[in-house]
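# Structure assessment
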Amino acid sequence: MSTTSTIVDSSDALEPTLKNILDQKTLRWIFVGGKGGVGKTTTSCSLAIQLSKHRKSVLLISTDPAHNLSDAFNQKFGKDARLVDGFDNLSAMEIDPNGSIQDLLAAGGEGTDEAMAGLGGVGNMMQDLAFSIPGVDEAMSFAEVLKQVKSLSYEVIIFDTAPTGHTLRFLQFPTVMEKALAKLSQLSTQFGPMLNTFLGARGGLPGGQNLDEVLSKMESLRETISEVNSQFKDADMTTFVCVCIPEFLSLYETERMIQELTSYEIDTHSIVVNQLLFPKKDNPCEQCNARRKMQKKYLEQIEDLYDEFNVVKMPLLVEEVRGKERLEKFSEMLVVPFQPPE
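Residues numbered from 1 in each chain as written. Predicted model: local features only at pLDDT ≥ 70, side-chain atom pairs only at ≥ 80, totals over all residues. Heavy atoms only, no water.

### Side note on the overall build of the protein
Tallying secondary structure elements over the protein gives 13 helices and 8 strands in all. Counting the 342 residues in the protein, one finds 47% classified as buried. Considering only intrachain contacts with a sequence separation of at least 6, the fraction spanning at least 24 residues in the protein is 78%. Taken as a whole, the protein presents about 16,700 Å² of accessible surface, with 53% of it coming from carbon and sulfur. (Helix = DSSP H or I, 4+ residues; strand = E, 2+ residues; numbered from the N terminus. Buried < 20%, exposed > 50% of the residue type's maximum accessible area, 1.4 Å probe, protein only. Contact = heavy atoms within 4.5 Å. Areas by Shrake-Rupley, 256 points an atom, 1.4 Å probe, with all protein chains shown as cover.)

Right under this line is the structure:
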């Protein structure tokens, strides 16, 4: 594969738009993240709309339990991919990380009464084990996503992620899964024969599987996860769009996130700064002018810190960005820089 990452080309590294992402046809995974309340969902929906003009099929996934995609598009989404109204190549889905792991554990309750009784202790043990691993809810959420994505072919997948801490754990999921598998493998070695005998006497696991078969399936999942992880570290295939507002805490969070993404070897070269005020020069509003002055200070810091990033400046609008038409209008400003009034 050719190494044509847009970050290498200094001529468009300073371009204040996300056009470079639209032009980078090799991109398969795009993450959109930042602190809560900075406009991640509006940005990810808008980016998805723009990408739908350039790609055959786009999937937008929310891993934020708040499920803002439904609110943004005024359309109900769930854990199965569904076409967004008014589009024939843009689909969306919302996944609850906690729900995913509960569903997985609940799946062990099918079968005869004897099997259910036999699984009670094992199910509790699995649950205790699962929840003892930090970040396992995000890992299971991604496993659910992989299951969906593998059965459907989308050219590009955009993640509207949960607030920063969850996102960073979410991106660590391959390591988390490997730890979980290592623990299960250790338990299987220690207690496997005894558990197989115990389960066999009570009808076995659902579907007649034994523990070895279950572990084999988990190993197969680990291999898939490992493959995706290598794609995440390929700047031609994956990028992370940071979203912030021009305030101290948001700027601090963005810097922390970029440092961690770099440590995970995940490409990031775009920052969207939302909620910028552009009052007219003769504006008598003291609060507007004072806030604009404060924003200007942080905007200058962002531009100094991230001179090799595409910094996109998005205005604070007088109306909420909800529904297809408003999102489409907002999305245009991601590729054509906003021109403030004189």
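Back to the write-up after that little detour.
### Considering the pattern of salt bridges
Evaluated as defined, the whole model comprises 9 salt bridges. Notably, a salt bridge pairs Glu303 with Lys313, separated by 2.6 Å at the nearest N-O pair. Residue Glu303 is found in helix H12 (residues 286-305), and its partner Lys313 is found in strand S8 (residues 310-315); the two are separated by 10 residues along the sequence. For Glu303, a relative accessible area of 33% corresponds to the partly exposed category. Each of the salt bridges in this network shares a partner with another, and the network as a whole consists of Glu253, Arg256 and Glu260. (Salt bridge = Lys/Arg side-chain N within 4 Å of Asp/Glu carboxyl O.)

### Regarding the sheet that holds strand S7 (residues 270-276)
One open sheet accounts for 8 strands, arranged S3-S4-S2-S5-S1-S6-S7-S8; its pairing is mixed. Each edge of the open sheet carries a strand with a single partner, namely strand S3 (82-83) and S8. Helix H13 (residues 324-335) rests against S7 and S8 of the sheet, and its axis sits at about 145° to S8. (Pairing = 2+ DSSP bridges. Axes fitted to C-alpha atoms, helices over the stretch in contact; angles between N-to-C directions.)

### A few points about the pairing of S7
Burial analysis of S7 places 6 of its 7 residues in the buried class, the great majority of the element. Traced from strand S6 (residues 238-244) through helix H11 (residues 248-263) to S7, the parallel crossover comes out right-handed. Both S7 and S8 contribute to a ladder of 5 bridges, which runs parallel. The residue bridging Leu276 from the neighbouring strand is Pro315, located in S8. In the classification by handedness, the crossover that spans S7, the intervening H12 and the parallel S8 is right-handed. (Right-handed = clockwise from strand over helix to strand, strands pointing away.)

### Details of a negative patch on the surface
The grouping of Glu300, Asp304, Asp307 and Glu308 at the surface amounts to a negative patch. Tracing the backbone shows Glu300 in helix H12. Using a relative accessible area of 43% as the deciding quantity, one classes Glu300 as partly exposed. (Patch = residues over 30% accessible without salt bridge, like charges linked within 9 Å, V, L, I, M, F, W, Y side chains within 5 Å. Lys, Arg positive; Asp, Glu negative; His and termini not counted. Charge placed at Lys NZ, Arg CZ, Asp CG, Glu CD.)

### Focus: the side chain of Ser57
With respect to the helices and strands, Ser57 occurs in the loop between helix H3 (40-51) and strand S2 (58-62). Here Glu155 takes part through its backbone nitrogen, which lies 3.0 Å from a polar atom of the side chain of Ser57. Ignoring any residue separated from it by four or fewer positions in sequence, one finds Ser57 in contact with Asn89, Ser153, Tyr154, Glu155 and Val156. (Polar contact = N/O pair within 3.5 Å; in protein donor to acceptor, adjacent residues only side chain to side chain.)

### Quick look at the UniProt feature "binding site: Zn(2+)" (unreviewed entry) in the protein
Per the UniProt record, "binding site: Zn(2+)" (unreviewed entry) is found at Cys285 and Cys288. Tracing the sequence through the fold places Cys288 in helix H12. The residues contacting Cys288, other than those within four sequence positions of it, are Leu277 and Pro279. (UniProt positions renumbered as here; feature names shortened; annotations may be inferred.)

### A word on the packing of aromatic side chains
Under the defined criterion, the tally for this structure stands at 9 aromatic pairs. Centroid distance Trp29 to Phe232: 5.5 Å. Interplanar angle 80°. Geometry classified as edge-to-face. Of this pair, Trp29 sits in strand S1 (residues 29-33) while Phe232 sits in helix H10 (residues 211-232), and the two are 203 residues apart along the sequence. The buried category is assigned to Trp29, whose relative accessible area is 2%. Through a chain of ring-to-ring contacts, the aromatic side chains of Trp29, Phe31, Phe159, Phe232 and Phe240 assemble into a single cluster. Over the face of the ring belonging to Trp29 we find Arg28, whose NZ or CZ atom lies 5.2 Å from the ring centre. Lying over the aromatic face of Phe87, Lys324 brings its terminal NZ or CZ to 5.1 Å of the ring centre. (Phe/Tyr/Trp six-rings, centres within 6.5 Å; stacked < 30°, edge-to-face > 60°. Lys NZ or Arg CZ within 6 Å of the ring centre and 35° of its normal.)

### Overview of the pairing of S6
Counted residue by residue, S6 has 7 buried out of 7 residues, so it is predominantly covered. Strand direction decides the pairing type here: S1 and S6, joined by 5 bridges, are parallel. What sits directly across from Trp29, in S6, is Thr238. Examined bridge by bridge, S6 and S7 share 4 bridges and lie parallel to one another. Each residue of the ladder has a partner; that of Val243, found in S7, is Val272.

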